[in-house]
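Descriptive analysis of the structure
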Amino acid sequence: MLSYQHAFHAGNHADILKHFVLTFVLNSLNKKDKPYTFFDTHSGSGLYDFLDNRILKTGEAQKGIQALLQANNPPEEMNDYLTLIKEYAQKNLYPGSPEIEKRLMRKQDTLVLSELHPQEIENLRQNMSNSQFTGENEPSVQIHKRNGWEMIKALTPPATKRGAVLIDPSYEENQDYIDAAKTICEVHKKWSNGIIMLWYPLLSHRKIEIKSMIDTICNSARSLNSNVEISNLQLCVYSEEAKELPRLYGSGMLVINSPWMLQENTEKVITYVKNVLADQFQVE
């Protein structure tokens, strides 16, 4: 299905978790001068306008990133992430994952983006050529109008060997849970040192599918290397014990080959974000 448009949900609580983890991983990769390749399988438009009618219609950004930007005393672990987001917010803009990747990656690195939605990929191409935030140290960017699952399986392992992938499907179809598990298992087997990030929704009616997907990925990764570092990070903005659990009560990030201190830093951020958003959601 190609009906999903991230503009309706850009800047919501799920984006906060996803983009903090993304920022942390990119900064970790940047600690070494050696080049790396980053893949984004479901890229979307890459850049959004806070005044877009779709963002205003749902109000999710207002309850998410805009509330966070107004909060006081964030933990120092959030400094890099918040500094980047605030730079865009000053112009009523919000960076999606491809924009964050382009901004943080370096000249020697390669960014590979994939998007199938006909309007989204045109927006992506335009936004990736946007000169508003252009720097001298940007990576080379490749944009594919291609199925994300197919793209990541075909192009890994990259020639650079070092790198990471962000997998962020819409989960509109049951098949996405199956494809995510199957694809990650296949990619990890041939690119064992690649950092693999999977964003997933916490949906009250999909608990079985989500658990099966995560178990399949983790079991496969550990069968190859029992010492592999795996982080499973979850931000629940509603209590799972609530009498009437909403359809989307949070989200998670599963990270294979998790960088050092990702788990600890993200847990601090999750605690802070839950406290900040408590006024927006019924968090116990």
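See the structure printed just above.
Residues numbered from 1 in each chain as written. Predicted model: local features only at pLDDT ≥ 70, side-chain atom pairs only at ≥ 80, totals over all residues. Heavy atoms only, no water.

Once that is clear, we can look at the nonpolar core. Val21, Phe38, Leu68, Met197 and Met213 are the most contacted members of the largest nonpolar core, which totals 85 residues. For this core, the element with the highest residue contribution is helix H1 (residues 13-29), accounting for 10 residues. Other than its neighbours up to four places away in sequence, Met213 contacts Tyr171, Tyr177, Ala180, Ala181, Leu198 and Tyr200. (Core = buried A, V, L, I, M, F, W, Y, C linked by side-chain atoms within 4.5 Å. Buried < 20%, exposed > 50% of the residue type's maximum accessible area, 1.4 Å probe, protein only. Helix = DSSP H or I, 4+ residues; strand = E, 2+ residues; numbered from the N terminus. Contact = heavy atoms within 4.5 Å.)

In this section: the sheet that holds strand E4 (residues 110-114). Spatially, E5-E4-E1-E6-E7-E9-E8 is the arrangement adopted by the seven strands of the open sheet, whose pairing is mixed. A single partner strand is all that each edge strand has here, and the edge strands are strand E5 (140-144) and strand E8 (230-236). Averaged over neighbouring strand pairs, the angle between their axes works out to 15° when direction is ignored. Contacts between helix H9 (residues 175-190) and the sheet are confined to strand E6 (163-167), strand E7 (195-203) and strand E9 (248-256), with E7 contributing the most and set at about 165° to the helix. (Pairing = 2+ DSSP bridges. Axes fitted to C-alpha atoms, helices over the stretch in contact; angles between N-to-C directions.)

The next thing to look at is the state of the cysteines. Under the defined criterion, the tally for this structure stands at zero disulfides. With no disulfide partner, Cys185 has as its closest neighbouring cysteine sulfur the one in Cys218, 9.2 Å distant. The class of Cys185 is buried, set by a relative accessible area of 11%. (Disulfide = S-S within 2.5 Å.)

Here we take up the environment of Ile210. Mapped onto the fold, Ile210 is located in helix H10 (residues 207-224). Sequence separation of Ile210 and Gln66 is 144 residues, and the distance between their C-alpha atoms is 29 Å. In this structure, Ile210 is in contact with Tyr177, Tyr200, Pro201, Leu202 and Leu203, ignoring residues within four places of it in sequence.

To continue, consider unusual backbone geometry. With an omega dihedral of 0°, the bond running from Thr156 to Pro157 counts as a cis peptide bond. Checked against the element boundaries, Pro157 lands in the loop between helix H8 (148-155) and E6. Its identity is not glycine, yet Asn73 carries a phi of approximately 55°, on the positive side. You can see Asn73 is positioned in the loop between helix H4 (65-69) and helix H5 (79-89). On the basis of relative accessible area, Asn73 is assigned to the exposed category, the value being 70%. Not every positive phi belongs to a glycine, and Asn92 is a case in point at roughly 60°. On the basis of relative accessibility, which here comes to 35%, the residue Asn92 falls in the partly exposed class.

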